[in-house]
Amino acid sequence: MLKYVNTGVVFQEIPDEVTLSINISNCPCRCPGCHSKYLWEDIGTPLTSIEIDAIIDKCNQDITCVCLMGGDSNPSYINTLAEYIHVTHPKLKVGWYSGKTIISSDINKSNFDYIKIGPYIRHLGALKSKTTNQRLYKKETNGEFTDITSRFWKK
Ligand code: SF4
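None of these values were measured; they are calculated from a predicted model.

(A) Region of interest: the overall build of the protein chain. When its secondary structure is counted, the protein chain shows two helices and eight strands. For the protein chain, the succession of helices and strands along the chain, N to C, is β-β-β-α-β-α-β-β-β-β. Computed over its C-alpha atoms, the radius of gyration of the protein chain comes to 15 Å, within 12% of the 15 Å expected for a compact globule of 155 residues. Projected onto its principal axes, the C-alpha positions of the protein chain cover 40 × 35 × 30 Å. Within the protein chain, the proportion of its 155 residues that are buried is 44%. Within the protein chain, contacts between residues separated by at least 24 positions form 55% of all contacts whose residues are at least 6 apart in sequence. Total accessible area computed for the protein chain in this model is approximately 8300 Å², and 51% of it derives from carbon and sulfur atoms. Taking the 18 positively charged and 16 negatively charged side chains of the protein chain as two groups, their mean positions are separated by 9 Å.

Written as structure tokens, this is what we have:
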């Protein structure tokens, strides 16, 4: 069972979306420059489907997307949650921020609209840095995923 520590409505993590982000704990990635070390511990509230519904219901902003931030310790469960959100909240898109370099084989990409991969490597920077190793992919209408990382870069 995955747990989450906190949530927030964010505008920059996924371009063109108002995103409810859910910060998941027990991160196994151990990025050397980690900016959220508190997420390494297995702490917080169990992230059940009932809890997801409660978080969405409690949110008082017009969100367009739910993004699961983390969860690399159990990608199969992330996949289950993404499918649940799509079925139960069909108007909402679903994103996943993974710290791994490749997408887990436990993930069915059709359950997601956005997937970010890549650990945080301080000298390369996060998504806003042109030298970043991280990538954000968006599902297009034909089901294929396109790399939209450059959307984070100022022209
Ligand atoms: S993926 Fe890396 S940066 Fe993100 S919480 Fe885990 S260790 Fe920290």
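Right, picking up where we left off after that structure.
(B) Region of the structure containing helix α1 (residues 49-58). Turning to α1, its buried residues number three or more, namely Ile 52, Asp 53, Ile 55 and Ile 56. Each buried residue of α1 lies within a common arc of 160 degrees when the element is viewed along its axis, so the set occupies one face. Structural note: α1 exposes Ile 50, Asp 57 and Lys 58 on the side pointing more than 90 degrees away from its buried face. Against β1 (3-10), β2 (19-24), β4 (65-69) and α2 (75-88) lie the buried residues of α1.

(C) Broad picture of the environment of Gln 134. Turning to its location among the elements, Gln 134 is positioned in the loop between β6 (114-117) and β7 (135-139). There is a polar contact of 3.1 Å between the side chain of Gln 134 and the backbone oxygen of Gly 118.

(D) Looking closely at the packing of aromatic side chains. Tallying each qualifying case throughout the model produces one aromatic pair. Residues Trp 96 and Phe 112 carry aromatic rings whose centres are separated by 6.2 Å and whose planes lie at 40 degrees to one another, so their mutual orientation is tilted. On the criterion of sequence distance, the pair formed by Trp 96 in strand β5 (residues 93-97) and Phe 112 in the loop between β5 and β6 is long-range, its members being 16 residues apart. As far as burial versus exposure is concerned, Trp 96 and Phe 112 are alike and both buried.

How each quantity is defined
- Residues numbered from 1 in each chain as written.
- Predicted model: local features only at pLDDT ≥ 70, side-chain atom pairs only at ≥ 80, totals over all residues.
- Heavy atoms only, no water.
- Helix = DSSP H or I, 4+ residues; strand = E, 2+ residues; numbered from the N terminus.
- Rg over C-alpha atoms; globule rule 2.2 N^0.38 Å.
- Buried < 20%, exposed > 50% of the residue type's maximum accessible area, 1.4 Å probe, protein only.
- Contact = heavy atoms within 4.5 Å.
- Areas by Shrake-Rupley, 256 points an atom, 1.4 Å probe, with all protein chains shown as cover.
- Lys, Arg positive; Asp, Glu negative; His and termini not counted.
- Charge placed at Lys NZ, Arg CZ, Asp CG, Glu CD.
- Arc of directions from axis to C-beta.
- Polar contact = N/O pair within 3.5 Å; in protein donor to acceptor, adjacent residues only side chain to side chain.
- Phe/Tyr/Trp six-rings, centres within 6.5 Å; stacked < 30°, edge-to-face > 60°.

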